[in-house]
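Architecture and fold: a report
Each chain is listed here by its residues.
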Amino acid sequence: MLEIRNLHADIDGKPILKGVTLSVKPGEVAAIMGPNGSGKSTLSYVIAGKEEYEVTKGEVLLEGESLLEMEPDERAAKGLFLAFQYPLEIPGVATMTFLKAALNAQRKKRGEDEIAPADFIRSVNRAADKLGISREMLRRALNVGFSGGEKKRMEILQMALLEPRMCVLDETDSGLDIDALRIVAEGVNSLRAQNRAFLVITHYQRLLSHIVPDTVHVMADGRIVKSGGPELATELEARGYADFAAQPAA
Amino acid sequence: MTALTPIRTKAETALLAQFEELRAELPKAGAGNASRKAAMAAFAATGLPHRRIEAYHYTDLRSLLREPAPLAPSAAGKAGRSVEAGRFLGDLGAHEIILVNGQLMDGQDLASQLPKRVSIAKVTDTAPAILDANDPVVALNTALSRETVTVKIGKGVKLDRPLHISFVQDAGAPQAVYAHLKVVVGEGASVTLLETHEGPNGIATQSNTGVEIVAGDNASIEHVRVNAEGDKAFVLSSLGLSLGRETSALSLNLTLGAAISRHQIFARMLGEEAKLRLNGVAMLDGDRHADVTLVVDHAVPGGESRELFKTAVDQRANGVFQGKIIVRPHAQKTDGKMMSAALLLSEDASMNNKPELEIFADDVQCGHGATCGALDENLLFYLMARGIARRDAQALLIRSFLGEAIEELSNEALREALGELIDGWLMRRA
């Protein structure tokens, strides 16, 4: 599904990613763990196409198609979704207007018809109910006045509505209390499917006890330094990242 | 004693000559000759304001107005003609009053169209009621307007349909139009006033419009001005507002057209506990220049004023906002807040923001803010990451930015019509 090969990326001339190689298969939930500053969030932004990062080397392929030349919106239309660590507040843009614009923009790029208004409202309400998002929240401007947990739930709602094939979750657990964490994790788990893959980026193991990954990768200093199964997450929780942080960057 | 002979620019000389021509045309002994003469004398003393006159610093009329266009010929005696005026806003179900080239058309059967206790008249005395006669743009308006159109809304009259006053430039060649409108809103009356300005594209028309709204105690007013003049138009306009006791007024200016425009607002809080909101939306592109300069004068205690001006500047356009809140010594408990925000959409776009407070009372709450910036790249990325193309993401953000200034309009049809003007501009931009 997602193939990252020897990816190098800079910000303001400073190298952050130093040769990331990683592959995620359809149906797989892969986790990336790592200490602060290891490049986890940068990886998610580079995959999604944020402009300020410059890719100096390597490839990112989504189902064999290179993403790096595409604008962020084109990547989204191809089925990529990034759940933001810090979802942005957009005053003056109504949540429903935004959701509809996003959904129809993607459908249009794929040559599909716009969604019928009744179907749209039904899908939004269904997803919102599952995530405990009230109708009142849907009437507000996007993320404005939402708590941290509400914003994360709204990200998952968008994910459910847009039905991406490749979901990248950037520190979705940060700022969540245990109840919110459970709701968000359930939302993600209900979207797990044979033709959909997840890349779950997190600092802590606790998210991974709710969203149980198939593979765990450890990132340090801009590279994947160790890969394993779910047991690796537990191991890291017990021992910390000290072993990896000490490794040379070469 | 040696008389000082001021050195006049070619334009000033031409304006003085136009005044003489107009005087020859107007009845010799008509009412208003004295005020016209006084106004022209005031103008002759100051001349066209230039950059060293603070209020005109960013819109130097001496250098911008090199050649006054000939005055539009009088329409007096011409039969009323149908003009597709104000249609760009769609059907708002409004009572319509149309001024062509500054003059109320004969033959418009207004009396039967207007609601009860709303009257309309034209008089030849063009003296301002509340606008500052010493302002050179106002002085020219007084001297060169052919008539004053006065609309009176009776005491306690509540109009459920808007009153639409449509100013139309009917021009086949460059011409100058001077227009003067007075609206007197009676005590306790409630009205939505729509003022639109239209003209042809591609013709260097000039206009100078003075609008005065005098509101009685406890009146409630929504006033919307839309500048949709042609793309070569040079538009000067002055709005005078005076508010009585416990009157509430919202006045919104939307700038869409004209190559050069300068809109000045003089608002006077004359009755205690009056509430005023001045909002603005400007959409500027090409090489356009648009200046909004306003003064809110709190003369009595307990007034509340709010200003919110939103400007989107694209390409090589230039926006100006100058706002001044004056609080007089006795105007205690005044609450004034002013905000001007600009979005610069290109490298060459520019904006000049100048908010000012002049406070002479000690128990007041006043504040102002001004911002100027580009669209937030992080917000754009967020929208694009959801599949929305860059141009559409920009449009969504610009729409929400500008939309804030029209949100408070209570007339829904009008609010939607203005929203469509914004959307239309954004679509042409894309």
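Residues numbered from 1 in each chain as written. Chains lettered and ligands numbered in written order. Predicted model: local features only at pLDDT ≥ 70, side-chain atom pairs only at ≥ 80, totals over all residues. Heavy atoms only, no water.

**Comments concerning helix 1 (residues 10-25) of chain B**
Residues and elements named next belong to chain B. Rules: Only DSSP runs of H or I covering at least 4 residues are called helices, and only runs of E covering at least 2 are called strands; the numbering of each starts at the N terminus. To estimate the expected span of a helix, subtract one from its residue number and multiply by 1.5 Å. Exposure is judged per residue with a 1.4 Å probe applied to protein chains only, and the accessible area is read against the type maximum: over 50% gives exposed, under 20% gives buried, and values in between give partly exposed. As used here, the arc belongs to the directions running from the helix axis to the C-beta atoms. Should any heavy atoms of two residues lie within 4.5 Å, those residues are considered in contact.
A rise of 1.5 Å per residue sets the reference length of helix 1, with its 16 residues, at 22 Å; its end C-alpha atoms lie 23 Å apart and thus fit the reference within 8%. Regarding helix 1, the residues found buried are Ala 11, Glu 12, Leu 15, Gln 18, Phe 19 and Leu 22. An end-on view of helix 1 places all buried positions within 115° of arc, on one side of the element. Of the exposed residues in helix 1, the ones pointing more than 90 degrees away from its buried face are Lys 10, Glu 21 and Ala 24. On its buried face, helix 1 is in contact with helix 2 (33-46), helix 3 (61-64), helix 5 (136-144) and strand 6 (176-185).

**Some details on the domain arrangement of chain B**
Residues and elements named next belong to chain B. Definition in use: Domain delimitation follows an automatic or database domain assignment. The term buried area means the drop in 1.4 Å probe accessible area that two parts suffer when joined, counted for both and summed. A carboxyl oxygen of Asp or Glu within 4 Å of a side-chain nitrogen of Lys or Arg is what we treat as a salt bridge. N or O atoms within 3.5 Å of each other form a polar contact, as long as, within protein, one can give a hydrogen and the other can take it, and as long as residues adjacent in sequence are counted only when both atoms are side-chain atoms.
By domain assignment, chain B separates into domain 1 (10-271) and domain 2 (377-430). Taken over C-alpha atoms, the centre of domain 1 sits 31 Å from the centre of domain 2. With 13 residues of domain 1 at the interface, the matching set in domain 2 holds 13 residues. Considering only the surface of domain 1 that becomes buried against domain 2, Glu 222, Leu 252 and Leu 256 emerge as the three largest contributors, covering 37% of it. At the boundary of domain 1 and domain 2, one finds 0 salt bridges. The tally of links between domain 1 and domain 2 comes to 1 residue pair in polar contact (both at pLDDT 80 or more).

**Here's the deal with the interface of chain B and chain A**
Where interface size is quoted, it is often the accessible area lost as the parts come together. This is how it is decided: Put simply, Ala, Val, Leu, Ile, Met, Phe, Trp, Tyr, Cys and Pro go in the nonpolar bin, Asp, Glu, Lys and Arg in the charged bin, and everything else, Gly too, in the polar bin.
The interface is formed by 16 residues belonging to chain B together with 33 residues belonging to chain A. Each partner contributes to the roughly 1,900 Å² buried at the junction of chain B and chain A, and carbon and sulfur atoms together form 69% of this total. Taken together, chain B and chain A are joined by 2 salt bridges. One salt bridge in this structure joins Arg 390 of chain B and Glu 51 of chain A, with 2.8 Å as the shortest N-O distance. At the surface where chain B touches chain A, the tally comes to 12 residue pairs in polar contact (both at pLDDT 80 or more). Here the side of chain B that touches chain A gets 7 residues from one element, more than from any other, and that element is helix 6 (residues 377-384) of chain B. Each residue belonging to the side of chain B that touches chain A can be placed in one class, and the counts come to 10 nonpolar, 3 polar and 3 charged.

**Quick look at the sheet that holds strand 12 (residues 223-228) of chain A**
Residues and elements named next belong to chain A. To be explicit about the condition: We treat two strands as partners when DSSP finds at least two bridges between them. Working convention: axes come from line fits to C-alpha atoms, limited for helices to the stretch in contact. Angles between N-to-C directions cover 0 to 180 degrees.
Here we have 6 strands laid out as an open sheet, ordered 6-9-10-3-11-12, and mixed in their pairing. Strands with a single pairing partner mark the edges of an open sheet, and in this sheet they are strand 6 (80-83) and strand 12. The sheet shows a mean angle of 20° between the axes of neighbouring strands, direction not considered. In this structure, strand 11 (residues 215-220) lies alongside strand 12, joined through 5 bridges in antiparallel fashion. Of the residues in strand 12, the one forming a bridge with Val 216 is Gly 228. Strands in contact with helix 1 (residues 40-48) are strand 3 (29-33), strand 6, strand 9 (166-170), strand 10 (197-202) and strand 11; relative to strand 6, the strand with the most contacts, it is inclined by about 145°.

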